[in-house]
Amino acid sequence: MKRFLTVVCISTIIFLFTACSLFRPVNQKTPPATSAAELWQFIKLKDNYSKWDQFDDAEGLLQAAPPHGPLVKIYANDIATGSTYTGRKGSIVIMENYENDGKTLLTINLMQKRPGYAPSAGDWFWATYEPSGKVLEEGKIKSCVECHVSMAFDDYTFIHKW
Ligand code: HEC
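Just so it is clear, the structure is predicted and the values come from calculations on it, not from any experiment.

Comments concerning the sheet that holds strand 1 (residues 61-63)
The pairing of strands in a sheet happens through backbone hydrogen bonds and is either parallel or antiparallel.
Okay, step 1: With respect to topology, 6 strands assemble into an open sheet ordered 1-2-3-4-5-6, the strand pairing being antiparallel. Taken across any chain shown, the strands that pair with only one partner, and hence form the sheet edges, are strand 1 and strand 6 (135-139). Neighbour to neighbour, the strand axes of the sheet diverge by 20° on average, direction disregarded.
Okay, step 2: With 7 bridges connecting them, strand 3 (residues 92-98) and strand 4 (residues 105-113) associate as antiparallel partners. Bridged to Ile 92 within strand 4 is Gln 112.

This is the structure:
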(Lines give C-alpha, C1' and ligand atoms only; values in the text may rest on other atoms or scores of the structure.)
Protein backbone atom coordinates (compact mmCIF):
# COMPACT_ATOMS: atom_id res chain seq x y z
CA MET A 1 0.00 0.00 0.00
CA LYS A 2 2.82 2.38 0.97
CA ARG A 3 4.55 1.62 -2.30
CA PHE A 4 1.31 2.21 -4.21
CA LEU A 5 0.86 5.62 -2.56
CA THR A 6 4.43 6.60 -3.37
CA VAL A 7 3.89 5.69 -7.01
CA VAL A 8 0.63 7.68 -7.10
CA CYS A 9 2.34 10.70 -5.51
CA ILE A 10 5.26 10.64 -7.91
CA SER A 11 2.97 10.21 -10.93
CA THR A 12 0.83 13.14 -9.79
CA ILE A 13 3.89 15.36 -9.38
CA ILE A 14 5.18 14.41 -12.84
CA PHE A 15 1.73 15.00 -14.35
CA LEU A 16 1.37 18.43 -12.74
CA PHE A 17 4.87 19.45 -13.72
CA THR A 18 4.30 18.46 -17.36
CA ALA A 19 0.85 20.08 -17.47
CA CYS A 20 2.20 23.34 -16.05
CA SER A 21 5.02 23.55 -18.55
CA LEU A 22 2.72 22.65 -21.45
CA PHE A 23 0.01 25.15 -20.58
CA ARG A 24 2.26 27.96 -19.42
CA PRO A 25 0.74 31.22 -20.71
CA VAL A 26 2.49 32.65 -23.75
CA ASN A 27 4.79 35.53 -22.84
CA GLN A 28 2.51 38.55 -23.04
CA LYS A 29 5.47 40.77 -23.74
CA THR A 30 6.42 39.12 -27.03
CA PRO A 31 5.62 41.76 -29.65
CA PRO A 32 3.65 40.63 -32.72
CA ALA A 33 5.60 40.62 -35.99
CA THR A 34 2.60 41.54 -38.10
CA SER A 35 1.32 44.96 -39.14
CA ALA A 36 2.25 48.37 -37.77
CA ALA A 37 -1.38 48.80 -36.65
CA GLU A 38 -1.28 45.63 -34.53
CA LEU A 39 2.09 46.62 -33.16
CA TRP A 40 0.61 49.96 -32.09
CA GLN A 41 -2.09 48.18 -30.09
CA PHE A 42 0.63 46.13 -28.43
CA ILE A 43 2.92 49.05 -27.55
CA LYS A 44 0.03 51.07 -26.16
CA LEU A 45 -2.16 48.47 -24.44
CA LYS A 46 -0.10 45.34 -23.69
CA ASP A 47 3.37 46.74 -23.09
CA ASN A 48 3.09 50.53 -22.96
CA TYR A 49 6.27 51.88 -24.49
CA SER A 50 6.24 55.06 -22.44
CA LYS A 51 7.06 52.84 -19.44
CA TRP A 52 10.06 51.25 -21.19
CA ASP A 53 13.62 52.10 -20.31
CA GLN A 54 15.79 54.34 -22.36
CA PHE A 55 19.23 53.27 -23.52
CA ASP A 56 21.85 54.41 -21.01
CA ASP A 57 23.67 56.24 -23.79
CA ALA A 58 20.55 57.98 -25.15
CA GLU A 59 18.60 59.27 -22.16
CA GLY A 60 16.20 62.20 -22.00
CA LEU A 61 15.26 64.65 -24.69
CA LEU A 62 17.93 64.84 -27.39
CA GLN A 63 18.53 67.13 -30.33
CA ALA A 64 18.11 65.52 -33.73
CA ALA A 65 18.33 66.37 -37.40
CA PRO A 66 15.74 66.09 -40.21
CA PRO A 67 13.87 63.93 -41.03
CA HIS A 68 13.70 63.48 -37.27
CA GLY A 69 13.39 65.90 -34.40
CA PRO A 70 13.93 68.72 -33.80
CA LEU A 71 13.89 67.03 -30.37
CA VAL A 72 13.58 63.30 -29.83
CA LYS A 73 13.04 60.83 -27.02
CA ILE A 74 14.08 57.21 -27.52
CA TYR A 75 12.58 54.17 -25.78
CA ALA A 76 13.67 50.55 -26.06
CA ASN A 77 11.93 47.35 -24.92
CA ASP A 78 13.61 44.90 -22.53
CA ILE A 79 14.74 42.73 -25.43
CA ALA A 80 16.56 45.68 -26.98
CA THR A 81 18.11 47.01 -23.77
CA GLY A 82 19.24 43.45 -22.97
CA SER A 83 20.90 43.02 -26.37
CA THR A 84 24.61 43.33 -27.04
CA TYR A 85 26.34 43.86 -30.41
CA THR A 86 23.02 43.73 -32.32
CA GLY A 87 19.35 43.91 -31.43
CA ARG A 88 17.94 40.46 -30.59
CA LYS A 89 14.75 39.08 -32.18
CA GLY A 90 11.80 41.16 -31.00
CA SER A 91 13.89 44.22 -30.13
CA ILE A 92 11.90 47.41 -30.60
CA VAL A 93 13.32 50.92 -30.62
CA ILE A 94 10.84 53.77 -30.62
CA MET A 95 11.63 57.41 -31.19
CA GLU A 96 9.20 60.21 -30.40
CA ASN A 97 9.74 63.35 -32.44
CA TYR A 98 8.93 66.58 -30.62
CA GLU A 99 8.55 70.20 -31.61
CA ASN A 100 11.17 72.65 -30.26
CA ASP A 101 9.06 73.15 -27.13
CA GLY A 102 9.84 69.54 -26.17
CA LYS A 103 6.15 68.94 -25.49
CA THR A 104 4.30 68.86 -28.82
CA LEU A 105 4.57 65.34 -30.14
CA LEU A 106 4.85 65.31 -33.93
CA THR A 107 5.39 61.71 -35.02
CA ILE A 108 6.62 58.39 -33.68
CA ASN A 109 9.19 56.21 -35.46
CA LEU A 110 9.63 52.54 -34.75
CA MET A 111 12.07 49.83 -35.72
CA GLN A 112 11.52 46.17 -34.82
CA LYS A 113 13.99 43.32 -35.31
CA ARG A 114 12.45 40.47 -37.31
CA PRO A 115 15.04 37.80 -38.19
CA GLY A 116 14.67 36.78 -41.84
CA TYR A 117 12.51 39.82 -42.69
CA ALA A 118 15.07 41.90 -44.58
CA PRO A 119 18.46 40.13 -44.46
CA SER A 120 20.19 42.76 -46.58
CA ALA A 121 18.91 45.59 -44.37
CA GLY A 122 19.53 44.42 -40.83
CA ASP A 123 16.19 42.56 -40.61
CA TRP A 124 14.46 45.70 -39.31
CA PHE A 125 10.77 46.45 -39.82
CA TRP A 126 10.18 50.23 -39.95
CA ALA A 127 7.12 52.33 -39.21
CA THR A 128 6.03 55.91 -38.62
CA TYR A 129 2.88 56.85 -36.72
CA GLU A 130 0.95 59.99 -35.96
CA PRO A 131 0.49 60.60 -32.22
CA SER A 132 -3.04 59.16 -32.57
CA GLY A 133 -1.58 55.85 -33.74
CA LYS A 134 -2.49 56.36 -37.38
CA VAL A 135 0.09 54.53 -39.49
CA LEU A 136 1.84 56.88 -41.91
CA GLU A 137 4.17 54.30 -43.42
CA GLU A 138 5.42 50.82 -42.60
CA GLY A 139 7.50 47.90 -43.79
CA LYS A 140 10.80 47.87 -45.63
CA ILE A 141 10.70 51.65 -46.06
CA LYS A 142 13.32 52.58 -48.62
CA SER A 143 14.10 56.06 -47.26
CA CYS A 144 14.67 54.75 -43.72
CA VAL A 145 16.96 51.95 -44.88
CA GLU A 146 18.91 54.13 -47.32
CA CYS A 147 19.92 56.51 -44.55
CA HIS A 148 20.24 54.07 -41.64
CA VAL A 149 22.42 51.74 -43.74
CA SER A 150 25.30 54.14 -43.09
CA MET A 151 25.16 52.75 -39.54
CA ALA A 152 24.96 49.10 -40.65
CA PHE A 153 28.10 48.44 -38.58
CA ASP A 154 26.09 49.30 -35.45
CA ASP A 155 22.93 47.42 -36.46
CA TYR A 156 21.40 50.39 -38.29
CA THR A 157 21.05 52.65 -35.27
CA PHE A 158 22.56 56.10 -34.97
CA ILE A 159 22.33 56.95 -31.32
CA HIS A 160 22.79 53.77 -29.32
CA LYS A 161 26.02 51.76 -29.25
CA TRP A 162 24.90 48.13 -29.04
C1 HEC B 1 18.42 61.16 -43.79
C2 HEC B 1 18.69 60.14 -42.80
C3 HEC B 1 17.56 59.42 -42.08
C4 HEC B 1 16.37 58.96 -42.58
C5 HEC B 1 15.80 59.10 -43.98
C6 HEC B 1 15.72 58.27 -41.47
N7 HEC B 1 16.48 58.35 -40.34
FE8 HEC B 1 16.01 57.53 -38.54
N9 HEC B 1 17.66 58.41 -37.73
C10 HEC B 1 18.59 59.18 -38.42
C11 HEC B 1 19.51 59.80 -37.47
C12 HEC B 1 20.69 60.71 -37.83
C13 HEC B 1 19.09 59.36 -36.20
C14 HEC B 1 19.67 59.81 -34.86
C15 HEC B 1 18.84 60.99 -34.36
C16 HEC B 1 19.15 62.25 -35.13
O17 HEC B 1 20.26 62.79 -34.98
O18 HEC B 1 18.29 62.69 -35.91
C19 HEC B 1 17.96 58.47 -36.39
C20 HEC B 1 17.33 57.78 -35.38
C21 HEC B 1 16.27 56.91 -35.56
C22 HEC B 1 15.70 56.09 -34.54
C23 HEC B 1 16.24 55.93 -33.12
C24 HEC B 1 17.27 54.80 -33.10
C25 HEC B 1 18.59 55.21 -33.72
O26 HEC B 1 18.81 54.90 -34.90
O27 HEC B 1 19.40 55.84 -33.05
C28 HEC B 1 14.64 55.44 -35.08
C29 HEC B 1 13.72 54.47 -34.40
C30 HEC B 1 14.55 55.87 -36.46
N31 HEC B 1 15.57 56.75 -36.73
C32 HEC B 1 13.57 55.44 -37.34
C33 HEC B 1 13.49 55.88 -38.65
C34 HEC B 1 12.41 55.52 -39.55
C35 HEC B 1 11.23 54.65 -39.20
C36 HEC B 1 12.68 56.14 -40.74
C37 HEC B 1 11.88 56.12 -42.00
C38 HEC B 1 10.48 56.48 -41.92
C39 HEC B 1 13.93 56.88 -40.58
N40 HEC B 1 14.38 56.69 -39.31
C41 HEC B 1 14.49 57.64 -41.56
C42 HEC B 1 18.63 59.37 -39.77
C43 HEC B 1 17.61 59.06 -40.65
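Points about the pairing of strand 6
Okay, step 1: Pairing of strand 5 (residues 124-129) with strand 6 involves 4 bridges; the strand directions are antiparallel. Among the inter-strand pairings, Trp 126 is bridged to a residue of strand 6, identified as Gly 139.
Okay, step 2: Connecting the antiparallel pair strand 5 and strand 6 is a turn made up of 5 residues, with Gly 133 showing a positive phi of about 105°.

A closer look at the nonpolar core
Okay, step 1: Within the largest apolar cluster, 24 residues are counted, with the highest numbers of intra-cluster contacts made by Val 93, Ile 94, Leu 110 and Ala 127.
Okay, step 2: Among the elements of the structure, helix 2 (36-46), strand 2 (71-76), strand 3, strand 4 and strand 5 are those that each provide at least two residues to this core.
Okay, step 3: Apart from residues lying up to four places away in sequence, Val 93 is in contact with Ile 74, Ala 76, Ala 80, Met 111 and Thr 157.

Here we look at the site of the ligand
Okay, step 1: For the ligand, the set of nearby residues contains 23 residues, the closest of which are Ala 64, Cys 144, Cys 147, Phe 158 and Ile 159.
Okay, step 2: For the shell around the ligand, the secondary-structure elements that each account for two or more residues are strand 2, strand 3, strand 4, strand 5 and helix 4 (142-148).
Okay, step 3: By residue number, the principal contributor to the shell around the ligand is helix 4, which donates 4 residues.
Okay, step 4: A class-by-class count of the residues in the shell around the ligand yields 14 nonpolar, 8 polar and 1 charged.

Focus on the pairing of strand 5
Okay, step 1: Burial within strand 5 is extensive, with 6 of its 6 residues counted as buried.
Okay, step 2: In strand 5, alternate side chains face the same way, and those of Trp 124, Trp 126 and Thr 128 on one face and Phe 125, Ala 127 and Tyr 129 on the other are all buried.
Okay, step 3: Pairing between strand 4 and strand 5: 6 bridges, direction antiparallel. Note on strand 5: the bridge partner recorded for Lys 113 is Trp 124.

Calculation rules
- Residues numbered from 1 in each chain as written.
- Predicted model: local features only at pLDDT ≥ 70, side-chain atom pairs only at ≥ 80, totals over all residues.
- Pairing = 2+ DSSP bridges.
- Helix = DSSP H or I, 4+ residues; strand = E, 2+ residues; numbered from the N terminus.
- Axes fitted to C-alpha atoms, helices over the stretch in contact; angles between N-to-C directions.
- Core = buried A, V, L, I, M, F, W, Y, C linked by C-beta atoms within 7 Å.
- Buried ≥ 20, exposed ≤ 12 C-beta atoms within 10 Å, placed from the backbone.
- Contact = placed C-beta atoms within 7 Å.
- Near = placed C-beta within 6 Å.
- Nonpolar A, V, L, I, M, F, W, Y, C, P; charged D, E, K, R; others polar.

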